[in-house]
Each structure stands twice: as structure tokens, then as C-alpha cells.
Amino acid sequence: MAEDKNYTQIPQDEEEMEIDLMEYARKLWDARKLLLKVIGIATIVGLVIAFTTPKKYTVNVTLAPESMKGSSSLSGIASMLGVGGLNMGNEADALNVTLYPDIVSSTPFILDLLDTPIRDLDEDTPDTTLIGYLETQKSSLIGTVMSLPFKAIGAITSLFSSEEDEENNGNKEMNPFHLTKKEAKIVTGMKQLIVANVDKKTGVTTMSVTLQDPLVCAIIADTVIAKLQEKVTKYRISKAENDSKYWEQIHKERQQEYYKAQQAYANYVDANKSVVLHSVMTERERLQNEMNLAYQVYSNVATQLQLAKAKVQEAKPAFAVVEPATVPLQPSGTSRKMILIGIVFLAFAGTAAWILFGKDFLFKIKDEFKKDPSKTTEPSNE
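Parameters and conventions
- Residues numbered from 1 in each chain as written.
- Predicted model: local features only at pLDDT ≥ 70, side-chain atom pairs only at ≥ 80, totals over all residues.
- Heavy atoms only, no water.
- Phe/Tyr/Trp six-rings, centres within 6.5 Å; stacked < 30°, edge-to-face > 60°.
- Buried < 20%, exposed > 50% of the residue type's maximum accessible area, 1.4 Å probe, protein only.
- Helix = DSSP H or I, 4+ residues; strand = E, 2+ residues; numbered from the N terminus.
- Pairing = 2+ DSSP bridges.
- Axes fitted to C-alpha atoms, helices over the stretch in contact; angles between N-to-C directions.

(A) Expanded view of the packing of aromatic side chains. Counted according to the given criterion, the structure contains 4 aromatic pairs. With a centroid separation of 5.8 Å and an interplanar angle of 45 degrees, the aromatic rings of Y258 and Y259 are classed as tilted. By relative accessible area, which is 39% here, Y259 ends up partly exposed. Taking the centre distance of 5.8 Å and the plane angle of 5 degrees together, the rings of Y258 and Y298 count as stacked. Of this pair, Y258 sits in helix α10 (residues 214-271) while Y298 sits in helix α11 (residues 278-314), and the two are 40 residues apart along the sequence.

(B) View of the pairing of strand β1 (residues 57-64). Alternating residues of β1 divide into Y57, V59, V61 and L63, all buried, and T58, N60, T62 and A64, none buried. Looking at chain direction, β1 and strand β5 (residues 205-211) are connected through 7 bridges and run antiparallel. Across the sheet, the residue bridging to V59 is V209, located in β5. Pairing of β1 with strand β6 (residues 320-323), which is carried by 3 bridges, proceeds in the antiparallel orientation. Bridging from a neighbouring strand, T62 pairs with E323 of β6.

(C) Seen up close, the sheet that holds β5. Taking strand neighbours across the sheet as the criterion, the 4 strands line up as β4-β5-β1-β6 in an open arrangement whose pairing is antiparallel. Both outer strands of the open sheet, β4 (194-198) and β6, are each paired with one neighbouring strand and no more. Between one strand axis and the next, the sheet turns through 25 degrees on average, direction left out of account. With 5 bridges connecting them, β4 and β5 associate as antiparallel partners. Pairing of N197 across the sheet is with T206, part of β5.

Rendered as C-alpha cells:
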């Protein structure tokens, strides 16, 4: 009997579902004029937003992880020179690949990037720097409307600003220690346009730059890689160069000591060439030992100097560019067609939800308040 009940209930549920769908379709059809009006308005709004939103282009650059063969080559040089037990300075590096995103998004790096000379693809603007190009960037309609209150507040506050503040704002040189509001806004915007991601498993770094002009985007991406490589390379070779300068100074000092001991031994031998006294032989032997010791020290320092110079050369390559910067041909982000479709769909869905559910729900609330007026009036104090 239970199975018969189940078989008879399934068609009833399907029939109720068909009735509900037909009811929803009838409600939408009755409100078709409203739907058409909303779709028409949404289409106009979508077209305005789509065509007032500037195109953006993105350039992606891929960097390979740093090769670690430099330490082995230095060990090979040391073994050939017979000093394989020396420390080659292969300690952990404080500036590794995981810090590349932090370097790119740092304020000094962004400020240094703003002076990059650029030119746009259409040659609409004369050759200028990046900071001058950013001031000519177009903003979307939504961004312009949303920024109007902030611009009004800024205009009002500027009336009460002192002359000293105006002079500081007119200063072209940016101080990373103390930025103005305008400079801080530019730096914050650039941090959003330049993004670096590092794959912790493979060490591959992907650098992306997004701007409105494809040529400017490629130029800035290439400049970011060049400046990053310059900064990392400068850090890598700074300690090696300091070590090289130190060993070069020690090399000159030990060389002078060796030459002095050598000259003293030669002068003593020439002065006592025919003397066979034991005291003379002992003194000559002592001077010879001092000369040999000075030579050994001088030879070891010379070896350390050569290794330090080799280490400077080995520290120069920081990373390899696998995918270089190229001028993009197609814009990135959401296309104008998808913006239009999305706005029209949201308007249709919102209006349909109001017709099917919102209107009835609102009427039910009104009916409840009509049945129970005490819900809308305050209780008496009696």
C-alpha cells in the first residue's frame, strides 16, 4: 500500500510544479511592459557604462628561479688553487625570490619607476614620464561619479590649506619618508597596477602590469624587470665587492711586507757573502724564514683576492627572463559585450524577483499591519 501511495504522489507533485511555473510565467507576462521598460533602461545604462569604461591592457612577464651553480663553480676554482677548505660565503641569502613582490610594491621602487620616460602607441600625448602619463588616464563613468564627493571635500579643504602646504605640494621631488596625499594616492594606485606573484614550489615569478595603453604597459613591464634585476644584483654583489676591496687592501699590505722581507734577506746575504761565522749563518737563516713566511701569507691573500673577484662576477646574474614583455594586441578584463549583458541580466533578474516574490511579500506585510493596527502605533502610557 505504501508503494501505491508513492506512485500516486509523484504525478501530483509534478502537476503542482507545472502549475507554479505557469503561474510565475503568467505573472511575468502580465508585467511584460514593466520588464521591457527596465530592460530598455538597463540597456541604455549598460551601453553608457560599457563605452565610457576605458580599455585596459595587461603584460605578463615570467622570471625563472635563480640558478645555484655559482657556488659549485667557486668551489671548483678554490680546489684548483689548492684552497678547497676555504669558506666561499654560501650562506643563506636575505633577499631571496619570495621577496620580489615586496620589492616591486615598495614605495621607493614605485617612486623610482615614476620617472620612467614613456610614449603611447597612438602618439596622442607627447613623450613624457610615467607620472605625467598617469595624470592623463581616463576614468570610467562609475569611478568619476563615485569620486565626485571626495573631489568636493578636497576642494573645500584646499581652501583652508596653508601656503606652506601648497609649496610642499608644488615640490616635484618626492620624498618616500614624507609623501603628500596626492603622491600617496599615486603610489597606492601603482601598487594595484603592478602585481608580482611567486610560486613557492617552483620559484617561478610572474609579473603583471595593467595600463590603458599597450605600448606604455609593455615599456613599464620591461622597466620593472630591469629595475628589479638592478636592485637585486646590486644587493647580491655589494657584500662581494666589499670583500674584494678588503682583500685587495690586505693584498697590498702583505705584498709590501713580503718585498721588505725579501729585500732585507738579499741585503744581508750580499753584505756577508764571504763570512762563514755561525752567527751570520743563523741570522741569514732567520731572515730567509721570515721571507718564506711572508711569501706564504702573501700567496694565500692573493688566492683569497682572486676568489673574491670571482665571487663578484658569479653574483651578477640574479634571474633569467623566460617570457619577456611584449606589446599586447587584445585588451584584458571584462569586454564591453559582457558588461552590457551583465547589467541587462541583473536588471531583468531583480525586476522578475520583485514581480514574483517581492510585491506579494510587501502586500502581506501591509495586510498584517491593517489587521493589527497596534503594530504601527506606539503603546499608550496608561
